[in-house]
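# Survey of secondary and tertiary structure
Each chain, letter by letter, is given below.
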Amino acid sequence: MSRPRNDTFLRALLRQPTDYTPTWLMRQAGRYLPEYCETRRRAGNFLALCKSPQLACEVTLQPLTRFTLDAAILFSDILTVPDAMGLGLYFAEGEGPRFERPLREEWAIRDLTVPDPHDKLRYVIDAVAEIRRALDNSVPLIGFSGSPFTLACYMVEGSGSSDYRHLKGMLYARPDLLHHILGVTADAVTQYLNAQIEAGAQAVQIFDTWGGTLTPHAYREFSLAYMQRVIAGLKREHDGERVPVIVFTKGGGQWLEDIAAIGCDAVGLDWTTDIAQARARVGDKVALQGNLDPSALFGSPESVSAEARRVLDAFGNHPGHVFNLGHGISQFTNPDNVTALVETVRSHSRAIRSA
């Protein structure tokens, strides 16, 4: 496999000079696009869409057809890993993801095993390969997984939660059980991401969505340490090319230096962190990704452009910036505002580089 014709995203992750700031968006294939909604309708439900390599490929490419983005991201869900562990993932209408068999009993936790990604998650690996063929080396493909801690939150709670009562009760009362879940899950994530890399993913992101709910001590022990374990086990080169790793902890700005030290190439920032201060704090250790407030896309095209310029100006004329949102794009976003965003980032970052 040759390097993508547009490799701006990969070069930015490795802090190499680029002509402009590359852009991709978390959840860029999603319900804000009418074409995605039509494909999802044909699939029948979200899980069927995820488990069809052909349809997953179709929706992965949809935002690239509409916008001049610099990377594609695999269409899947972070909860495919615990589903492959036998927890029984399903989606209740209007209630989000749920597991039939959450991890509450010690015997079930001790029985947890690492699934073979080429067996239980074959549909994801096939989707990666199919997307790479369809992209035809136009732009890079990003693979991803949830972090061990974020996956554990769903695995123990059985669904999303406002307070993670069961998970945090285990953390404080039986940390040995939580460490066992996290250890098995970290090994599963490592194998899963390596399988994506072998199938064609050219960069990977670890989504630590709920790490920011922890105390500083608990974050380092129960989230950061296991992401570091995953990164240590990843293939960092494939087909003669470096495979960059991005870590994104929502609410993790206070631990930026700690995250930058675990071996990743880039750190994702949510919108609550000042990107200029973040760059000063990490120096040349890692690239930074982010960090427009997703709600800024509810404004007008003019206000969206102004906010994009604000982020770019704050980062300045330095290597190592990938433009993104501070979290996933909302289903209520007007696609015209995304067009304004992507075009502004491309044009304004070029002007900054040439100044």
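These numbers come from a predicted model, not from an experiment.

All right, on to the overall build of the protein chain then. Across its full length, the protein chain carries 15 helices and 11 strands. When the backbone C-alpha atoms are referred to their principal axes, the protein chain occupies close to 60 × 45 × 40 Å. A buried classification covers 58% of the 355 residues belonging to the protein chain. For the protein chain, long-range pairs separated by at least 24 residues make up 73% of all intrachain contacts whose partners lie at least 6 apart in sequence. In the form shown here, the protein chain has an accessible surface area of approximately 13800 Å², with 48% of it arising from carbon and sulfur atoms. When the 36 positive and 41 negative side-chain charges of the protein chain are each reduced to one mean point, those points stand 1 Å apart.

Okay, the pairing of strand β2 (residues 89-92) next. In this sheet, strand β3 (residues 96-99) lies alongside β2 in antiparallel orientation, the contact comprising 4 bridges. Of the residues in β3, the one forming a bridge with Tyr90 is Arg98. Counting the residues in the hairpin turn of β2 and β3 gives 3 residues, including Gly94, whose phi is positive at 80°.

Note that Thr344 resides in helix α15 (residues 335-354). In this structure Thr344 comes out as buried when scored by relative accessible area, which is 9%. What Thr344 contacts, discounting residues up to four positions off in sequence, is Ser305, Ala308, Arg309, Leu312 and Ser349.

With that settled, the discussion passes to the pairing of strand β8 (residues 245-249). Residues in a regular strand project their side chains so that they alternate between the two faces of the sheet. Burial analysis of β8 places 5 of its 5 residues in the buried class, the great majority of the element. Side chains Val245, Val247 and Thr249 of β8 all project onto a buried face; the interleaved residues Ile246 and Phe248 project onto the opposite face, where all are buried too. One ladder, built from 5 bridges, connects strand β5 (residues 203-208) with β8; its direction is parallel. Looking across to β8, one finds that Phe207 is bridged to Phe248.

This structure, assessed with the given rule, holds 3 cavities of 30 Å³ or more. Taken as a whole, the largest cavity spans an internal volume of roughly 150 Å³. Taken together, 15 residues form the lining of the largest cavity, with Arg132, Gln202, His238, Asp239 and Glu241 sitting closest to its centre. Its residues placed into classes, the lining of the largest cavity shows 6 nonpolar, 4 polar and 5 charged. Of the pockets and cavities examined, the second largest cavity occupies roughly 40 Å³.

Here is what the cut-offs are and how they apply
- Residues numbered from 1 in each chain as written.
- Predicted model: local features only at pLDDT ≥ 70, side-chain atom pairs only at ≥ 80, totals over all residues.
- Heavy atoms only, no water.
- Helix = DSSP H or I, 4+ residues; strand = E, 2+ residues; numbered from the N terminus.
- Buried < 20%, exposed > 50% of the residue type's maximum accessible area, 1.4 Å probe, protein only.
- Contact = heavy atoms within 4.5 Å.
- Areas by Shrake-Rupley, 256 points an atom, 1.4 Å probe, with all protein chains shown as cover.
- Lys, Arg positive; Asp, Glu negative; His and termini not counted.
- Charge placed at Lys NZ, Arg CZ, Asp CG, Glu CD.
- Pairing = 2+ DSSP bridges.
- 1 Å grid on protein atoms, 1.4 Å probe; cavity = no way out; pocket = protein on both sides within 12 Å on 5 of 7 lines; lining within 4 Å.
- Points joined across faces, edges and corners; volume = space filled by probe spheres on them.
- Nonpolar A, V, L, I, M, F, W, Y, C, P; charged D, E, K, R; others polar.

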